[in-house]
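Reading the structure
Here is what each chain is made of, one letter per residue.
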Amino acid sequence: MKMRTALAAAAFLMLAGCITVNVPLGTGESVPVNQWMVRWDPPEVARRTGEFQVAIRVKDLDAAGSYQLSGMVVTGGDGTVRESSDNRWAARPGAMLSEMLSRDLIAAGGFPGVFRTAASVTGMVTLEGYIREFGAQQVDSTTWIAVLDVDVTLLGDRGMDILFQKNYRYQRRMPAPGFRELSEQISALSSSWSEAVREDIYAVLSN
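What counts, and where the lines are drawn
Residues numbered from 1 in each chain as written. Predicted model: local features only at pLDDT ≥ 70, side-chain atom pairs only at ≥ 80, totals over all residues. Heavy atoms only, no water. Helix = DSSP H or I, 4+ residues; strand = E, 2+ residues; numbered from the N terminus. Buried < 20%, exposed > 50% of the residue type's maximum accessible area, 1.4 Å probe, protein only. Contact = heavy atoms within 4.5 Å. pLDDT = per-residue confidence, 0-100. Pairing = 2+ DSSP bridges. Expected span 1.5 Å × (residues − 1). Core = buried A, V, L, I, M, F, W, Y, C linked by side-chain atoms within 4.5 Å.

1. A look at the overall build of the protein chain
Of the regular secondary structure elements, the protein chain holds 3 helices and 10 strands. For the protein chain, the succession of helices and strands along the chain, N to C, is α-β-β-β-β-β-β-α-β-β-β-β-α. Burial status across the protein chain gives 42% buried among its 207 residues. Contacts in the protein chain between residues far apart in sequence, at least 24 positions, make up 66% of those at least 6 positions apart.

2. Topic: unusual backbone geometry
Positive phi, normally seen in glycine, also occurs at Gln53, with a value near 65°. With respect to the element layout, Gln53 can be found in the loop between strand S2 (30–36) and strand S3 (56–58). The exposure class assigned to Gln53 is exposed, which follows from its relative accessible area of 64%.

3. A look at the confidence of the model for the protein chain
Averaged over the protein chain, the pLDDT score is 87; the fraction of residues at 70 or greater is 86%. The model gives residues 1–16 a pLDDT under 50, and that stretch makes 8 contacts with residues more than four places away or in other chains.

4. Looking at the pairing of strand S9 (residues 143–155)
The buried count for S9 comes to 13 of 13 residues, which makes it a mostly enclosed element. By the alternation rule, side chains of S9 split into Thr143, Ile145, Val147, Asp149, Asp151, Thr153 and Leu155 and Trp144, Ala146, Leu148, Val150, Val152 and Leu154, which are all buried. Strand direction decides the pairing type here: strand S8 (residues 125–140) and S9, joined by 13 bridges, are antiparallel. Following the sheet pairing, Leu127 is matched in S9 by Leu154. The hairpin turn running from S8 into S9, its antiparallel successor, is 2 residues long. Two strands pair when backbone bridges link them, and S9 and strand S10 (residues 162–173) are joined in this way by 11 bridges, in the antiparallel orientation. The residue bridging Leu148 from the neighbouring strand is Tyr170, located in S10.

5. With respect to helix H2 (residues 93–108)
Here H2 contains 16 residues, and its C-alpha end-to-end distance of 22 Å stays within 8% of the 22 Å for a straight helix at 1.5 Å per residue. With 12 of 16 residues buried, H2 is to be regarded as a mostly interior element. Every buried residue belonging to H2 is among Pro93, Gly94, Ala95, Met96, Leu97, Ser98, Met100, Leu101, Ser102, Asp104, Leu105 and Ala108, and all of these are buried. Trailing H2 by a residue or two, Gly109 shows a phi angle of about 75°, which is positive.

6. As for the nonpolar core
In terms of nonpolar packing, the biggest core is built from 46 residues, with Leu127, Phe134 and Trp193 touching the most fellow members. The set of elements that each furnish at least two residues to this core consists of S3, strand S5 (71–76), H2, S8, S9, S10 and helix H3 (179–206). When residues in this core are grouped by element, the largest group, 8 residues, is from H3. Residues within four places of Leu127 in sequence aside, it is in contact with Arg57, Val58, Lys59, Leu61, Leu101, Val152, Thr153, Leu154, Val197 and Ile201.

As structure tokens, then:
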């Protein structure tokens, strides 16, 4: 019975994308910290590998000051910014989004290679970006709006040409306030972002 209960609890945490860790305090005590992951299913329809004849590198996205670290951020209507101390992303938002986008590019196919770090490959395009918002806007005590706002730039070989530059902004009223719900809503918005960015990349390279 205890084994079944433990397995059920583990399955729930995996589904929710949450990991709880204990962070030590200076007093020798520790407090539980929830770490949340941004994730969604990879694309199912794959293109023909090598369709575009160029490799692509996806660099970690830069971010505005409040989103450079892993703390989950809620912005108040009066402009105050609150970073949660006990609810954090599993990695910096810029790293998580870039990692998931590169995964989707590999799954969707079309490129002879998809890289996250520098590579000695000729004719490689590079994707860079900047996160403007990645969290929740608190309207009142019962209303949070999840917001994802990212600039994306696709550069040609050796970064000499700008192939396209675009802002992607998504927002969605959350069913209820809270960090578990925020992680789910940001994941859904990020999935839409990944799909839109990939379609824009494909359109530019196809022309």
